[in-house]
Amino acid sequence: MKMVKKCIIALAVAAVMVTAVQAGDPAIKRDGDWPWTYKAIDLCTMPVYMDVGHYVQLKECNKREIKLVQVDCESIGRESGDFPCYSDCEDIEVKANFPAIFGATLSKIGPILQDTSVYWKDDHNQISGSTGGWEKLTICMDAWNAEIWRAAEPAENAKVGEITINVKPPDGP
């Protein structure tokens, strides 16, 4: 009988020791003896998602301009009979979070511009959008058969049009 009592006492002591070890787990241990405070424990980690749309930016658009200057018509691939001819190009910097294809349209202001061509230098009008940084493009405009006599007066900066730059993602995946 003494042996059974000793076994029961040993089991009871072992059970108390197991409980004490569990209570000592650092994740739920109370901080210090007195006064004590509860520690926060991490319970769950969840992902955060965001609906990120297409982003595109043209650096300092308000400072960009095409300032047509007279050139030999042959330098822009025209005949001498297309006189007077004008041309200019403007470098722009753009960035996007997607592959972006740029285009441009010309709105003529007044009667001076007749025949025109707006184009991207070296036919390069697309950026990869994967760099996260600024990428350079060059937009150009040529004009020929300009009717400069229709201007109200000579002017160094006569506004004869506006170029609108547009952008879209490539078609397909």
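Higher on the page you've got the structure.
Since we're looking at a predicted model, the values are computed, not measured.

Student: How should the overall build of the protein chain be read in this particular structure?
Tutor: Counting secondary structure elements, the protein chain contains one helix and eight strands. The helix and strand sequence of the protein chain, counted from the amino end, reads α-β-β-β-β-β-β-β-β. Residues classed as buried in the protein chain amount to 18% of the 173 residues present. As displayed, the protein chain offers around 13300 Å² of accessible surface, 56% of which is attributable to carbon and sulfur atoms.

Student: I tried to follow the pairing of strand 7 (residues 135–144) on my own but got confused; where do I start?
Tutor: Side chains on a regular strand alternate between the two faces of the sheet. Among the 10 residues of strand 7, nine are classified as buried, and the element is accordingly described as predominantly covered. Direction of pairing for strand 3 (residues 85–96) relative to strand 7: antiparallel, over a ladder of nine bridges. Its bridge partner being in strand 7, Ile-92 is matched across the sheet by Leu-137. In this sheet, strand 7 lies alongside strand 5 (residues 115–120) in antiparallel orientation, the contact comprising six bridges. Paired with Tyr-119 across the strands is Cys-140, a residue of strand 7.

Student: Looking at this structure, I do not really get the sheet that holds strand 4 (residues 100–108). What am I missing?
Tutor: Sheet strands associate in pairs through backbone hydrogen bonding, adopting either a parallel or an antiparallel arrangement. Here three strands make up an open sheet; going across it, the order is 6-4-8 and the pairing antiparallel. Of all strands in the sheet, those bounded by a partner on one side alone are strand 6 (126–127) and strand 8 (161–168). Sheet topology places strand 4 next to strand 8; eight bridges connect them, and they run antiparallel. Paired with Thr-105 across the two strands is Thr-164, which belongs to strand 8.

Student: When you look at the state of the cysteines in this model, what are you seeing that I'm missing?
Tutor: Formally, a disulfide is one covalent bond, and it connects the sulfur atom of one cysteine to the sulfur atom of another. Summed over the entire model, instances satisfying the criterion amount to two disulfides. One disulfide bridge connects Cys-73 with Cys-85, the sulfur atoms lying 2.0 Å from each other. In this structure, the disulfide formed by Cys-73 and Cys-85 twists by about 100 degrees around the S-S bond and is classed as right-handed. Placement of Cys-73 in the loop between strand 2 (69–71) and strand 3 and of Cys-85 in strand 3 is noted, with a sequence separation of 12 residues between them. For the pair Cys-73 and Cys-85, a shared accessibility class is recorded, and that class is buried. Between Cys-89 and Cys-140 runs a disulfide, and the two sulfur atoms are separated by 2.0 Å. Judged by the sign of its S-S torsion, about 105 degrees, the bond between Cys-89 and Cys-140 is right-handed. Taken as a pair, Cys-89 in strand 3 and Cys-140 in strand 7 lie far apart in primary sequence, 51 residues in all. Cys-89 gets classed as partly exposed once you look at its relative accessible area, which sits at 32%.

Student: When you look at the side chain of Glu-135 in this model, what are you seeing that I'm missing?
Tutor: Following the sequence through the fold, Glu-135 ends up in strand 7. We note that Glu-135 is buried and unpaired, the nearest opposite charge coming from Lys-95 at a distance of 10 Å. A distance of 3.2 Å separates a polar atom in the side chain of Glu-135 from the backbone nitrogen of Gly-129. The residues touching Glu-135, leaving out its near neighbours within four places in the chain, are Ile-92, Glu-93, Val-94, Ile-127, Ser-128, Gly-129 and Ser-130.

Rules of the game
Residues numbered from 1 in each chain as written. Predicted model: local features only at pLDDT ≥ 70, side-chain atom pairs only at ≥ 80, totals over all residues. Heavy atoms only, no water. Helix = DSSP H or I, 4+ residues; strand = E, 2+ residues; numbered from the N terminus. Buried < 20%, exposed > 50% of the residue type's maximum accessible area, 1.4 Å probe, protein only. Areas by Shrake-Rupley, 256 points an atom, 1.4 Å probe, with all protein chains shown as cover. Pairing = 2+ DSSP bridges. Disulfide = S-S within 2.5 Å. Lys, Arg positive; Asp, Glu negative; His and termini not counted. Salt bridge = Lys/Arg side-chain N within 4 Å of Asp/Glu carboxyl O. Polar contact = N/O pair within 3.5 Å; in protein donor to acceptor, adjacent residues only side chain to side chain. Contact = heavy atoms within 4.5 Å.

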